[in-house]
Amino acid sequence: RHDKKDLEVFPNILDQLEFRSKAIGAFLRDNSIRTSDIDHFIGRGGLLKPLESGLYMVNEEMIGDLRSAKYGEHSSNLGALIAQRIASKYGKKAYILDPVCVDELEPLVRITGHPEIHKVSAFHALNQKSVARRASTDIGRRYEDLNLIVAHLGSGISVGLHKKGKIVDVNNAIAGEGPFSPERSGGLPAGTFLKYAFENKLDFQDALKMLYGQGGMFAYLGTNDFQEVMENYVKGNNKKVNLVIDAMAYKISKSIAALAAPVAGEVDGIAITGGLAYSKTFTSIIRSSIKFLTSNIFIYPGEDELQAMADGVVLGLNGEIEIHEYTSE
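All figures in this text were calculated on a predicted structure; none of them were measured in a lab. (Residues numbered from 1 in each chain as written. Predicted model: local features only at pLDDT ≥ 70, side-chain atom pairs only at ≥ 80, totals over all residues. Heavy atoms only, no water.)

Caption draft 1: Looking closely at the overall build of the protein chain. Helix and strand counts for the protein chain come out as 12 helices and 9 strands. Its C-alpha radius of gyration of 20 Å places the protein chain within 12% of the 20 Å reference for a compact globule of 329 residues. Principal-axis analysis of the C-alpha atoms gives the protein chain an extent of 55 × 50 × 45 Å. Within the protein chain, the fraction of its 329 residues that count as buried is 45%. For the protein chain, the share of sequence-separated contacts (at least 6 apart) that also reach a separation of at least 24 residues comes to 68%. When the accessible surface of the protein chain is split by element, carbon and sulfur atoms take 53% of a total near 17,400 Å². Averaging the coordinates of the 37 positive side-chain charges in the protein chain and doing the same for the 41 negative ones gives two points 4 Å apart. (Helix = DSSP H or I, 4+ residues; strand = E, 2+ residues; numbered from the N terminus. Rg over C-alpha atoms; globule rule 2.2 N^0.38 Å. Buried < 20%, exposed > 50% of the residue type's maximum accessible area, 1.4 Å probe, protein only. Contact = heavy atoms within 4.5 Å. Areas by Shrake-Rupley, 256 points an atom, 1.4 Å probe, with all protein chains shown as cover. Lys, Arg positive; Asp, Glu negative; His and termini not counted. Charge placed at Lys NZ, Arg CZ, Asp CG, Glu CD.)

Caption draft 2: Spotlight on the layout of surface pockets. Its volume calculated, the second largest pocket comes out at about 760 Å³. Taken together, 35 residues form the lining of the second largest pocket, with D98, K129, R133, L315 and I321 sitting closest to its centre. Secondary structure elements with two or more residues in the lining of the second largest pocket: α5 (125–139), β8 (297–301) and α12 (305–317). It is α5 that contributes the most residues to the lining of the second largest pocket, 9 residues altogether. Looking at side-chain class alone, the lining of the second largest pocket contains 9 nonpolar, 12 polar and 14 charged residues. (1 Å grid on protein atoms, 1.4 Å probe; cavity = no way out; pocket = protein on both sides within 12 Å on 5 of 7 lines; lining within 4 Å. Points joined across faces, edges and corners; volume = space filled by probe spheres on them. Nonpolar A, V, L, I, M, F, W, Y, C, P; charged D, E, K, R; others polar.)

Caption draft 3: Expanded view of the nonpolar core. Of all hydrophobic cores here, the largest spans 33 residues; its most connected members are L153, I245, I256, I270, F282 and I286. Listed by contribution, the elements that provide at least two residues to this core are β4 (147–153), β5 (157–163), α9 (226–235), α10 (239–258), β7 (269–274) and α11 (280–290). For this core, the leading source of residues is α10, giving 7 residues. The residues touching I245, leaving out its near neighbours within four places in the chain, are M217, F226, V229, M230, Y233 and F282. Among the nonpolar cores identified, the runner-up in size contains 21 residues, and L51, V58, M62 and A87 belong to it. (Core = buried A, V, L, I, M, F, W, Y, C linked by side-chain atoms within 4.5 Å.)

Caption draft 4: Representation of the side chain of S253. Within the element layout of this structure, S253 appears in helix α10. A polar atom in the side chain of S253 sits 2.8 Å from the backbone oxygen of A249. Excluding residues within four positions of it along the chain, S253 makes contact with I286, S289 and I290. (Polar contact = N/O pair within 3.5 Å; in protein donor to acceptor, adjacent residues only side chain to side chain.)

Below is the structure:
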């Protein structure tokens, strides 16, 4: 983790590459880990063209798209660049697994209501897939045979429908869809938002900040520290805190329940994950609203994404999943 002040000096994400690479190098040295002894390297998958789920070998076309931020800027874009930088030094291979641009949406889900507005798949694909497979194991059936709903609750929130092994519907956790979160506004009323933006002469970046970074719980309560807010919620002496938290749980529960409709209510399991899932109080509010859907409700706090990436490489090497070749458009 890096101090925000250390990152603020960089004009854009790509400028952080050297700084973050050195931090990783220092960590390895401090823990007596020799990179020359490592056989394979994997980084977090960033914003690329829409891709099917799976393991991808890092190649020059991928590097080019990430360096140019062709599909957008995000810190996850650096994952493949750092992995490739280290791997190439030792003649080894680098990979990414289930990047944020995984797109398995069904055709009807892409219809937004206006042909000029396109639905883009951008969400916590890595953790969503990992948690769905974990829930499948706990249920005792194959992931490809189940209908699961996974709610990733973090600084951003994504709620996805996993239908027989594919995420066929999910809110874009970046572009203002779905429930509000500790720092994102979620699906604001479009007309009201546009009116506010025009009347207050907001430029694009200022309007974007309202949706992403300075929205949600932060906008209402002045903090994105969920743990601190929940401590106040439990005390019950702040009506505004209680109202905002209850509203966020309500929005999440409603999003989960809505995804039961596309599978006619045949939901085999629901998994709640991400940093907010550490709060038993918060997850119990959600559980009480969705328990009518299924008895299989799993709480998996945090994000075990490092283990998921390591497992992905092993599955690829063993031939259990395909290792894809990335091609730019």
